[in-house]
Amino acid sequence: MFIVSIVLLILAMAAAYKLSAGITRPLSELARTMKYVQRGEFGQAVKAMPRVKDGHSEVGYVIGVFEQMTHRLRHLIETEFETNLRRRNAEYKALLLQINPHFYNNTLEIISGLAAMKREDLVMDATEALAQMMRYSLNLNSDLVRVSEEMDYIRDYLFILRLRHEDRLSVTVEEDAEARGLTIAKFILQPLVENAVKYSLEKEGTAWIGIAARIRDGRLLLSVRDNGIGMDPVLVRDLLDGSRKGDSASVLSSEGQSIGLRNVLSRCRLMYGERFDLDIHSRLGEGTTIELYLPVVRS
């Protein structure tokens, strides 16, 4: 009986080892593989997928089905990601094309008036500024530019506006040296400056515009201030809520107020997502300050 017991114990241990090697161990490895899939690490999951020897059909079937499901899930997620990326890119391009540079027509009228007045020196300066702006706007190689490039574009734009409005327009531009080399989305300042000039000139006296680019709390701050007519609190709340939602479709079909500002906010939300933040400070009859907080991007 003692010998028989020893033999049965050995057989039981062998059966347990075989069960562990053929079923328990592959299932434990499969559980670890599932953790990779849960974290979205599909490449690691495929490498860690357990291999089952012939003869373990149930376990092999489960692992085989899970491996196929992993490959299919990875393909579907990558396809969905690429589709969303293309859709967001199309929305961004549509928003970018919505920015209609009305000032081009006004600039040509200014140049025509200067030519009629025989002001050849100002005609040359205005034409050169316009050419630089068109060179910048027609460069479609990238949607990203350096802060210094965007600010130079704004300076050319303001130079032409000063020719038109003369002493009625006063502008201050401030830039941090570190901020100049950072990268931002293209054409996010010009619509803000255009609105600031427009609504500041509606008041009597001198229109004052302040533009700044600086680093604050580890983020890039772009601000545009004016002494214009201000914004209604309801409109300010609507702009802030719309910025958080990032509904670009409504902006493209909108015919209401602040189209240029809404366009900028939608493009910033598409470009930067949750890393984009916005502050609007405005008082009726006193002016408005718009602050865009962007992530620091150096290349």
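Here, every reference points to the structure presented above.
The structure displayed is predicted, hence computed values, not measured ones.

A. Layout of the nonpolar core. Ile184, Leu222, Leu292 and Leu294 are the most contacted members of the largest nonpolar core, which has 58 residues in total. A total of 9 residues in this core trace back to one element, the largest contributor, which is helix H6 (residues 147–165). Filtering out sequence-adjacent residues up to four positions away, leucine 294 remains in contact with Ile184, Ile188, Arg219, Leu220, Leu222, Cys268, Tyr272 and Phe276. Membership of the second largest hydrophobic core comes to 8 residues, among which are Leu30, Phe42, Met49 and Phe66.

B. Local environment of the pattern of salt bridges. Summed over all chains, the structure comprises 10 salt bridges. Across the salt bridge formed by glutamate 41 and arginine 39, the nearest N and O atoms sit 3.4 Å from each other. Between glutamate 175 and arginine 155 there is a salt bridge, with the nearest N and O atoms lying 2.5 Å from each other. Here glutamate 175 is found in strand E2 (residues 169–175), whereas its partner arginine 155 is found in helix H6, with 20 residues between them in sequence. With a relative accessible area of 33%, arginine 155 lands in the partly exposed category. Through salt bridges with shared partners, one network takes in Asp152, Arg155, Glu175 and Arg180.

C. Representation of a nonpolar patch on the surface in the model. Taken together, the side chains of Phe2, Ile3, Val4, Ile6, Val7, Leu8, Ile10 and Leu11 define a hydrophobic patch exposed on the protein surface, amounting to about 830 Å² of accessible area. Relative to the helices and strands, phenylalanine 2 resides in helix H1 (residues 2–38).

Each value, and the rule that gives it
- Residues numbered from 1 in each chain as written.
- Predicted model: local features only at pLDDT ≥ 70, side-chain atom pairs only at ≥ 80, totals over all residues.
- Heavy atoms only, no water.
- Core = buried A, V, L, I, M, F, W, Y, C linked by side-chain atoms within 4.5 Å.
- Buried < 20%, exposed > 50% of the residue type's maximum accessible area, 1.4 Å probe, protein only.
- Helix = DSSP H or I, 4+ residues; strand = E, 2+ residues; numbered from the N terminus.
- Contact = heavy atoms within 4.5 Å.
- Salt bridge = Lys/Arg side-chain N within 4 Å of Asp/Glu carboxyl O.
- Patch = residues over 30% accessible without salt bridge, like charges linked within 9 Å, V, L, I, M, F, W, Y side chains within 5 Å.
- Areas by Shrake-Rupley, 256 points an atom, 1.4 Å probe, with all protein chains shown as cover.

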